[in-house]
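# Observations on the model geometry
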Amino acid sequence: MLHFLKLTAATFTFGSLLIGIANAETVLRSADTHPDGYPTVDAVKYMGELIKERTKGAYSVEVYHSAQLGEEKDTIEQTQAGVLDLNRVSMGPFNGIVPETAVPSLPYIFRSVEHMRHVMDGPIGEQILKAFEAHNLVGLAFYDSGARSFYNTKKDIASIADLKGMKFRVIQSDVFVDMVNALGANATPMAYGEVYSALETGVIDGAENNWPSFESAKHFEVAKHYTLDQHQIVPEVLVMSKASWDKLSPGDQAIVRQAAKDSVVKMRELWDAQEKKSRDIVEQAGVKVSEIDKQPLIDAMKPVYEKYLSTPELKDLAARIQATK
Ligand code: GTR
């Protein structure tokens, strides 16, 4: 009785606290390779706040940034195995797992970041998110990653011929490997966390990425030549482990899905600002940016398209992306 009275008093006095105790909070663990403050990290944190608010404290999200839980290939496996609840990664490392992700990863498939946003926000994006389900994952949302371009420690690159024989690190994906090799350069697939020292020691001549990654991973300290070839506009993806998803009630699943979608809007604001900031930082640090005629690079991608658009379904997906205004 006394206990009951105490509890009742606590309900009045510490109502919100009691809700927290009654609905013991479940913390969803999320991985990201980028440092704290990077747009993807902040967007997932923002999603976590929305989830916490909308589930009345039953669920929250903890982002393990800076590759604390491992490199992307490892965290993908952990998410598939249900060891990790959420994961924000590039689509690149998914290319060998979810064949549909190879299509938006194809070089020059998107005409611009606006085109990519439009495609991924529509039915094509939904179709690709759904494709993760066959691989023990639930696709929640796509984030931005701007355009990826080559950078190197050796020289300014003014034409496709200058790329010949150069060694570039790429994401651990055959699409990326084939792209670099089709340009006459040599691809070295490697985990993101190893790139800085590989550039510094000369194991590779260069790598390729967007402005915020080039800047935040400090690659610009060693690679002073950036070529604006913008070969890929590969979206980032936020996935949930199917095992973690199945533990949620249908109502909470809807909350998580919506919070992920809402975080996309926030992410894009953060992204647009970060791209400008990062480009300024690297240019001020002495990085030389050069333009290049993209057409020869686009032409060189024909065999890569043929290889990855290997089924009528994948061909159709590519055609629908290209036909989207
Ligand atoms: C970044 C992307 C990361 C990671 C990295 C890489 O643009 O945001 O998730 O994939 O590229 O090149 O490994």
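In every chain, residue numbers begin from 1 and rise along the written sequence. Per-residue local features of the predicted model are confined to residues with pLDDT of at least 70, and side-chain atom pairs are confined, for both listing and counting, to 80 or more; whole-chain, interface and lining totals are unaffected and use all residues. Each side-chain value is worked out from all heavy atoms of the structure, with water and hydrogens disregarded.

### Concerning the domain arrangement of the protein
Each domain's extent was defined by an automatic or database domain assignment. Here the domain parsing of the protein yields domain 1 (4–144 + 235–279) and domain 2 (148–233 + 283–323). Look at where the C-alpha atoms of domain 1 and domain 2 centre, and you get two points 27 Å apart. Each partner contributes to the roughly 3,200 Å² buried at the junction of domain 1 and domain 2, and carbon and sulfur atoms together form 66% of this total. Two parts placed together each lose some accessible area under a 1.4 Å probe, and adding up what both lose gives the buried area. When the buried surface of domain 1 facing domain 2 is broken down by residue, Pro107, Tyr108 and Arg279 rank first, second and third, together holding 26% of it. Salt bridges are defined as contacts in which a side-chain nitrogen from Lys or Arg sits within 4 Å of a carboxyl oxygen from Asp or Glu. A salt bridge links Arg279 to Glu283; the shortest N-O distance between them is 2.8 Å. Pairs of N or O atoms are called polar contacts if they sit within 3.5 Å, as long as, within protein, a hydrogen donor faces a hydrogen acceptor (for residues adjacent in sequence, only side-chain-to-side-chain pairs). Taken together, the links from domain 1 to domain 2 amount to 13 residue pairs in polar contact (both at pLDDT 80 or more). Counting from the N terminus, the helices are the DSSP runs of H or I reaching at least four residues and the strands are the DSSP runs of E reaching at least two. At the level of elements, α5 (102–105), α6 (113–121), α7 (123–131) and α12 (250–284) are the ones that each hand at least two residues to the side of domain 1 that touches domain 2. It is α12 that contributes the most residues to the side of domain 1 that touches domain 2, 5 residues altogether. Looking at the side of domain 1 that touches domain 2, its residues break down into 19 nonpolar, 11 polar and 6 charged. Side-chain classes are defined by residue name, with Ala, Val, Leu, Ile, Met, Phe, Trp, Tyr, Cys and Pro counting as nonpolar, Asp, Glu, Lys and Arg as charged, and the others, Gly among them, as polar.

### Some remarks on the packing of α7 against helix α15 (residues 312–323)
As a rule, the C-alpha atoms of each element are fitted with a line to give its axis, helices using only the stretch in contact, and angles between N-to-C directions run from 0 to 180 degrees. In the contact formed by α7 and α15, the axes pass within 10 Å of each other and the chain directions differ by 150°. The handedness of the crossing between α7 and α15 is left-handed. Of α15, the residues touching α7 (which contributes Ile124, Gln127 and Ile128) are Leu317, Arg320 and Ile321. Residue classes in the contact of α7 with α15 are distributed as 4 nonpolar, 1 polar and 1 charged. Handedness of each helix crossing follows the sense of rotation of the near helix against the far helix: counterclockwise by less than a right angle gives left-handed, clockwise gives right-handed. A contact between two residues is defined here by any heavy atoms of the two lying within 4.5 Å.

### Thoughts on α12
For α12, with 35 residues, the first-to-last C-alpha span of 50 Å sits near the 51 Å given by 1.5 Å per residue. Gly286 lies just past α12 and shows a positive phi near 95°. Expected span of a helix, by definition, is 1.5 Å for each gap between consecutive residues, and there is one gap fewer than residues.

### Overview of the layout of surface pockets
Picture a little ball the size of a water molecule; that probe, rolled over the atoms, points out where space is still empty. Throughout, the protein atoms alone are placed on a 1 Å grid, and a set of points is a cavity if a 1.4 Å probe fits but cannot get out or a pocket if it is open with protein on both sides within 12 Å along at least five of seven lines; lining residues have an atom within 4 Å of a point. Grid points are joined across faces, edges and corners, and a volume is the space filled by probe spheres set on the points. By volume, the largest pocket amounts to about 160 Å³. Tallying contributions element by element places α12 first for the lining of the largest pocket, with 3 residues. Among the residues making up the lining of the largest pocket, the classes are represented as 5 nonpolar, 2 polar and 3 charged. A domain split of the lining of the largest pocket shows at least three residues from each of domain 1 (4–144 + 235–279) and domain 2 (148–233 + 283–323).

### Description of the pairing of strand β6 (residues 167–170)
For two strands to be treated as a pair, DSSP must find no fewer than two bridges joining them. Note that β6 and strand β7 (residues 186–189) share 4 bridges and pair parallel. Paired with Val170 across the strands is Pro189, a residue of β7.

### Observations regarding the sheet that holds strand β3 (residues 86–90)
Overall, mixed pairing links the 5 strands, which are arranged β2-β1-β3-β10-β4 in an open sheet. Since the sheet does not close on itself, it has two edges, and those belong to β2 (59–64) and β4 (137–143), each with one partner. Within the sheet, the average angular offset between the axes of one strand and its neighbour, ignoring direction, is 25°. Summarising the sheet, β4 and strand β10 (residues 236–241) pair through 6 bridges and their orientation is antiparallel. Along β10, the bridge assignment pairs Gly139 with Val239. The strands that helix α3 (residues 39–54) touches are β1 (26–31), β2, β3, β4 and β10; relative to β2, the one it contacts most, it runs at about 165°.

### Considering the environment of Ala131
With respect to the helices and strands, the residue Ala131 is situated in helix α7. Sequence separation of Ala131 and Gly251 is 120 residues, and the distance between their C-alpha atoms is 22 Å. When neighbours within four sequence positions are excluded, Ala131 is seen to be in contact with Val98 and Glu100.

### A word on the packing of aromatic side chains
Note on ring pairs: Phe, Tyr and Trp rings are taken, using the six-membered ring of Trp, and paired if centres are within 6.5 Å. Classes follow the plane angle, with under 30 degrees stacked, over 60 edge-to-face and the rest tilted. Tallied over the entire structure, the rule returns 8 aromatic pairs. Seen in terms of ring centroids, Phe150 and Phe168 are 4.6 Å apart; in terms of plane orientation they differ by 50°. Their pairing is tilted. Of this pair, Phe150 sits in strand β5 (residues 149–152) while Phe168 sits in strand β6, and the two are 18 residues apart along the sequence. Accessibility expressed as a relative area gives 0% for Phe168, which makes it buried. Here's how the labels work: a residue is buried when its accessible area is under 20% of the maximum for its type, exposed when over 50%, partly exposed in between, all with a 1.4 Å probe on protein chains only.

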